[in-house]
Amino acid sequence: MPELPEVEVVRRGLTEHVVGRVLDRVTVKHPRSVRRHELGGDDLAARLTGLRVENAQRRGKFLWLTFDEPDTSLVVHLGMSGQMLVQPATAPLEKHAHIIAALDDGNELRFVDQRTFGGWMLSDLVEVNGTWVPESAAHIARDPLDPLFDADAVVKTLRGKQSEIKRLLLDQTVVSGVGNIYADEALWRAKIHGERSAAKLTGPALHTLLGETRTVMDEALRAGGTSFDALYVNVNGQSGYFERSLNAYGREDEPCRRCGAIMRREKFMNRSSFSCPRCQPRPRG
């Protein structure tokens, strides 16, 4: 799944190439890509046609476009393989291009999704704590790159929970935008094992962890995100290269870059966690 840096790279690309453009025509080619829009593909296409894109916004891993029609947003779920590509209308159509929006500058915004877990849906905008967000994303917490992110409030919330700290990092209602890759990276940098109880961590330790979460995502953003295959790309089809800088994720049986101990992989929530047995000892008991 794309995480915050990957979604932010796509958002910036949409800001550069799509904001200000009018959607002259929208074509839905695969019903699964609009399954979250209850009224179906014809309704989505009709309501989007003729609108001018005013902004591309994000909270955590949620991405949406706003238009010159008040209170309307297009929420884009990238899923596991979704791509938002801006292509000339004359370019060959990708095999898995399931939604195509013709822009008034002669380009097309194409939603390409090989595995069809992603999709588009229209959602009303609602005000949450002074910020307008899609109704479907109203429950999502602010992310560490949000200028209004309140680290003190998040630390207070974390210290009141008995759950494992990695589980809480992945809880989008507590802090958004963090997925499995960057959770492992931040925990490695903070020298905390993901199974530690949040309630047993000190305030300074939690502040350090949140700071490292922001730092690792900033670094990934500068590298264009993390790409393990051709499925994650920006709007121009380019892959990110932060994978080369990963210190924890995917490094099972390799030496820790800090202490030299052999990195381990453990099962966690039907996923894998990667950590250093020396720098990040398991909690006792």
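Only a predicted model underlies this, so the values are computations on that prediction, with no experimental measurement involved.

Trainee: Looking at this structure, how should I read the packing of helix α3 (residues 151-159) against helix α6 (residues 203-222)?
Mentor: Angle between the axes and distance between the axes: these two values describe a pair of packed helices. Taken N-terminus to C-terminus, the directions of α3 and α6 make an angle of 120°; their axes are 10 Å apart at the nearest point. Of the possible angle classes, the one that applies to α3 and α6 is oblique. The crossing of α3 and α6 is right-handed. Along its contact with α3, which presents A151, D152, V154, V155, L158 and R159, the element α6 presents G203, L206, H207 and L210. In the contact of α3 with α6, the residues fall into six nonpolar, two polar and two charged.

Trainee: Can you walk me through the sheet that holds strand β7 (residues 107-113) in this structure?
Mentor: Two strands in a sheet stick together by hydrogen bonds in their backbones, pointing the same way (parallel) or opposite ways (antiparallel). In space, the four strands of this open sheet follow the order β1-β6-β7-β5, with antiparallel pairing throughout. Two strands close off the open sheet at either side, each with one partner strand: β1 (23-28) and β5 (82-88). Strand-to-strand twist in this sheet, taken as the mean axis angle between neighbours without regard to direction, amounts to 20°.

Trainee: Any chance you could explain the sheet that holds strand β3 (residues 62-67) here in plain terms?
Mentor: Taken in spatial order, the five strands make up an open sheet running β2-β3-β4-β8-β9, and their pairing is antiparallel. If you trace the sheet from one side to the other, it starts and ends with β2 (53-59) and β9 (131-134), each paired once. Shown here is a sheet whose adjacent strand axes are inclined to one another by a mean of 35°, direction ignored. Across four bridges, the pairing between strand β8 (residues 119-128) and β9 is antiparallel. Residue L125 lies in a different strand from β9, and its bridge partner there is P134. This element, helix α1 (residues 4-17), spans β2 and β3 of the sheet and lies at about 170° to β2.

Trainee: So what exactly am I meant to see when it comes to the pairing of strand β6 (residues 97-103) here?
Mentor: Within a regular strand, the side chains alternate between the two sheet faces. Of all seven residues in β6, seven are buried; the element is thus mostly enclosed. Bridging between β1 and β6 involves five bridges; their strand directions are antiparallel. Its bridge partner lying in β6, V26 is registered against A101. Pairing analysis gives five bridges linking β6 to β7, with the strands arranged antiparallel. The residue bridging A97 from the neighbouring strand is V112, located in β7. Taking the residues between adjacent antiparallel strands as the criterion, β6 and β7 are bridged by three residues, where G106 takes a positive phi near 95°.

Calculation criteria
- Residues numbered from 1 in each chain as written.
- Predicted model: local features only at pLDDT ≥ 70, side-chain atom pairs only at ≥ 80, totals over all residues.
- Heavy atoms only, no water.
- Axes fitted to C-alpha atoms, helices over the stretch in contact; angles between N-to-C directions.
- Helix = DSSP H or I, 4+ residues; strand = E, 2+ residues; numbered from the N terminus.
- Parallel < 35°, antiparallel > 145°, perpendicular 65-115°, else oblique.
- Left-handed = near helix turned anticlockwise from the far one by under 90°.
- Contact = heavy atoms within 4.5 Å.
- Nonpolar A, V, L, I, M, F, W, Y, C, P; charged D, E, K, R; others polar.
- Pairing = 2+ DSSP bridges.
- Buried < 20%, exposed > 50% of the residue type's maximum accessible area, 1.4 Å probe, protein only.

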